[in-house]
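Commentary on secondary and tertiary structure
Here's the letter readout for the chains.
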Amino acid sequence: MDMKIITELASFIKSAPTAFHAAEKMSAILRENSFEELKERERWELKPGKRYYITRNHSSIIAFKVGQELSDYSFHVTASHSDSPGFKLKENAEIEIKKKYTVLNTEGYGGMICSTWFDRPLSVAGRVIIKTGEGLKTRLVDLDRDLLMIPSLAIHMNRAVNEGQKLNKQVDMLPLLSGEGKETGTVKSLAAEELNVRAEDIYGMDLFLYNRMAPAVWGSGNEFLSCPRIDDLECAFASLKGFLAGSNEKNVNVFACFDNEEVGSGTKQGAGSTFLYDVLWRINRTLGKDEEDFYRAVAGSFMLSCDNAHAVHPNHMEKTDITNCVYMNEGIVVKSHAGQKYTSDALSIAVMKAICEKADVPLQFFANRSDEAGGSTLGNIAVSQVSMNAVDIGLAQLSMHSAYETCGVKDAEYMIRAAKCFYNSHIRAAGDGTIRIEG
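A few points on the structure.

Thoughts on the overall build of the protein chain
A tally of helices and strands in the protein chain yields 9 helices and 21 strands. Expected size for 439 residues packed as a compact globule is a radius of gyration near 22 Å; at 22 Å, the protein chain falls within 12% of this value. By principal-axis analysis of the C-alpha atoms, the protein chain measures approximately 70 × 60 × 40 Å. Counting the 439 residues in the protein chain, one finds 52% classified as buried. The long-range share in the protein chain, meaning contacts at least 24 apart out of those at least 6 apart in sequence, stands at 77%. Of the roughly 19800 Å² of accessible surface on the protein chain, 47% is carried by carbon and sulfur atoms. Of the side-chain charges in the protein chain, 49 are positive and 58 negative, and the distance between the mean point of each set is 3 Å.

Dropping the structure here:
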């Protein structure tokens with residue numbers, strides 16, 4: 001076990017309080033590894049053996065490596081997501097209360113566990129759009145200090161609090177900003193001060209609350225990592241590391257990280273958009289291939305849909321399946337569902353098993369209890385736009401969608417090794433159900 005990986009993972013997550021910051025951090029890592037940035041609005045000129053990346057909405061990113069032996073090429077794709085459940089500030093956020101308090105008006109983003117946001121230091125981060133002499137410019141902002149808190153109601157005022165409480169996002173979940181009345185525009189002024197611009201030049205804002213608690217490694221054997229946004233930045237980080245390390249000249253290796261998975265992926269930058277299709281089609285065309293080459297390549301391609309899975313809860317083992325339940329620090333999780341919420345089938349599971357055997361990585365299997373509704377992920381959504389063989393995988397964690405989640409310290413390294421092996425391989429689908437894994 002390499003604890004340097006956990007230190008790097010914790011640092012990565014801490015630097016990514018929003019999907020915008022996650023995409024920027026990944027962009028910086030790619031630039032450090034000689035990737036050239038492309039723009040969707042510009043003409044592409046790609047060359048075999050080169051590395052490229054592209055962002056959409058400043059919150060989704062796709063990177064790719066072009067092989068040099070592409071006579072019978074395919075796309076090898078990992079897909080994860082950059083967003084996490086939380087709270088987004090409304091446009092006019094400040095609410096003054098009897099000139100004694102100012103709270104911020106927020107709305108829920110995704111399926112968060114509301115109670116985990118109480119009584120902990122919070123701040124605000126995201127993007128702002130600034131009017132400049134050259135037009136409207138996007139800037140990222142992080143008010144990097146303990147700025148807010150959502151105070152819980154004392155048990156003396158709610159005696160039934162430990163018997164179950166229904167929380168109202170419009171009433172219970174508004175963060176306290178100030179001990180005095182503040183005017184509308186205070187948050188905008190704070191963002192302007194941080195960016196050294198005029199408040200009146202900020203024309204738009206996408207700002208989110210984020211948890212300020214630092215990552216912690218804990219347990220009797222230091223076997224756990226807890227921090228915000230493990231779902232799904234752990235998989236994004238690990239698949240990116242594997243992508244950077246792996247290479248096969250017969251592939252176009254692709255790393256994709258989409259925004260808005262937590263709200264259904266149906267945005268221009270989500271897995272349900274044309275983003276992945278657009279990039280793969282343009283790669284094929286720019287390399288001098290024709291439409292037939294593209295459809296042949298896609299038919300032989302493979303995707304790892306990487307999103308975390310539920311570990312067995314020590315106090316609620318009854319919530320997981322009897323035989324298909326998973327644990328932290330015991331390897332990659334393959335997720336299956338008869339109702340097709342996950343992409344995994346016998347063929348794609350077999351490919352993943354072969355990859356993990358080659359990488360010497362343990363594999364475990366997850367299915368929901370048949371009488372419990374489970375979650376879904378981006379795999380099926382992405383392959384509905386670009387139809388290829390795919391398997392849904394992840395890493396086991398506790399407290400999914402909490403403001404402070406927990407994973408095992410061994411598992412990120414397992415994912416890196418498996419992703420590297422996947423990208424080192426050339427997977428060939430013959431069309432008759434036969435798949436060969438070379439490399």
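Let's talk about the nonpolar core
Core analysis: the largest hydrophobic core is formed by 54 residues, its most contacted members being Leu30, Phe243, Phe255, Ile332, Met352 and Ile393. Looking at this core element by element, the count peaks at 9 residues for helix 4 (residues 230-245). Residue contacts for Phe255: discarding those within four places in its chain leaves Met26, Ile61, Ile62, Ala63, Thr78, Ser80, Ala236, Ser239, Leu240, Phe243 and Tyr423. Counting residues in each nonpolar core, the second largest holds 34 residues, with Ile62, Val77, Leu287 and Val298 among its members.

Points about the side chain of Ser344
Within the secondary structure layout, Ser344 lies in the loop between strand 16 (332-335) and helix 7 (346-359). If we skip the residues at most four places from it in the chain, Ser344 touches Val334, Lys335, Ser336, Ile349, Ala390, Val391 and Asp392.

A short note on the packing of aromatic side chains
Overall, the coordinates contain 17 aromatic pairs when judged by the stated rule. Centroid distance Phe294 to Tyr295: 5.5 Å. Interplanar angle 70°. Geometry classified as edge-to-face. For Phe294, a relative accessible area of 1% gives the class buried. On the basis of relative accessibility, which here comes to 44%, the residue Tyr295 falls in the partly exposed class. An aromatic cluster is defined as three or more aromatic residues linked by ring pairs; in this entry it consists of Phe35, Phe243, Phe255, Phe302, Phe422 and Tyr423. Sitting over the ring of Phe243, Lys65 keeps its end group 5.2 Å from the ring centre. One residue, Lys88, lies across the ring of Phe208, its end atom 5.9 Å from the ring centre.

Some points on the state of the cysteines
Tallied over the entire structure, the rule returns 0 disulfides. Cys235 takes part in no disulfide bond, and the closest cysteine sulfur to it belongs to Cys306, at a distance of 5.5 Å. Classification of Cys235 by relative accessible area gives buried; the value is 0%.

Structural notes on the pattern of salt bridges
One pass over the full model with this rule turns up 20 salt bridges. In this structure, Lys39 engages Glu37 in a salt bridge whose closest nitrogen and oxygen atoms are separated by 3.1 Å. Judged by its relative accessible area of 40%, Lys39 is partly exposed. Residue Glu37 is classed as partly exposed on the basis of its relative accessible area of 35%. Lys88 is the salt-bridge partner of Asp206, the closest N and O atoms lying 3.3 Å from each other. Here Asp206 is found in strand 10 (residues 202-211), whereas its partner Lys88 is found in strand 5 (residues 86-97), with 118 residues between them in sequence. Accessibility expressed as a relative area gives 22% for Asp206, which makes it partly exposed. Taken together, the salt bridges that share partners define one network made up of Asp72, Lys250, Asp293, Arg296, Arg428, Arg436 and Glu438.

Some remarks on helix 2 (residues 19-32)
In this model, helix 2 (14 residues) spans 20 Å end to end at C-alpha, consistent with the 20 Å of a helix rising 1.5 Å per residue. Ala19, Phe20, His21, Ala22, Ala23, Met26, Ser27, Ile29 and Leu30 are the residues of helix 2 that are buried. Phi for Ser34, located one or two positions after helix 2, is positive at around 70°.

Remarks on the side chain of Glu261
Along the chain, Glu261 turns up in the loop between strand 13 (251-258) and helix 5 (275-286). At 7.6 Å, Lys335 is the nearest oppositely charged side chain to Glu261, a buried residue that forms no salt bridge. Within the structure, Glu261 has its side chain in polar contact with the side chain of His81 (distance 3.3 Å). When near neighbours in sequence (up to four residues on either side) are disregarded, Glu261 contacts His81, Asp83, Asp307, Ser376, Thr377 and Leu378.

Definitions and limits used
Residues numbered from 1 in each chain as written. Predicted model: local features only at pLDDT ≥ 70, side-chain atom pairs only at ≥ 80, totals over all residues. Heavy atoms only, no water. Helix = DSSP H or I, 4+ residues; strand = E, 2+ residues; numbered from the N terminus. Rg over C-alpha atoms; globule rule 2.2 N^0.38 Å. Buried < 20%, exposed > 50% of the residue type's maximum accessible area, 1.4 Å probe, protein only. Contact = heavy atoms within 4.5 Å. Areas by Shrake-Rupley, 256 points an atom, 1.4 Å probe, with all protein chains shown as cover. Lys, Arg positive; Asp, Glu negative; His and termini not counted. Charge placed at Lys NZ, Arg CZ, Asp CG, Glu CD. Core = buried A, V, L, I, M, F, W, Y, C linked by side-chain atoms within 4.5 Å. Phe/Tyr/Trp six-rings, centres within 6.5 Å; stacked < 30°, edge-to-face > 60°. Lys NZ or Arg CZ within 6 Å of the ring centre and 35° of its normal. Disulfide = S-S within 2.5 Å. Salt bridge = Lys/Arg side-chain N within 4 Å of Asp/Glu carboxyl O. Expected span 1.5 Å × (residues − 1). Polar contact = N/O pair within 3.5 Å; in protein donor to acceptor, adjacent residues only side chain to side chain.

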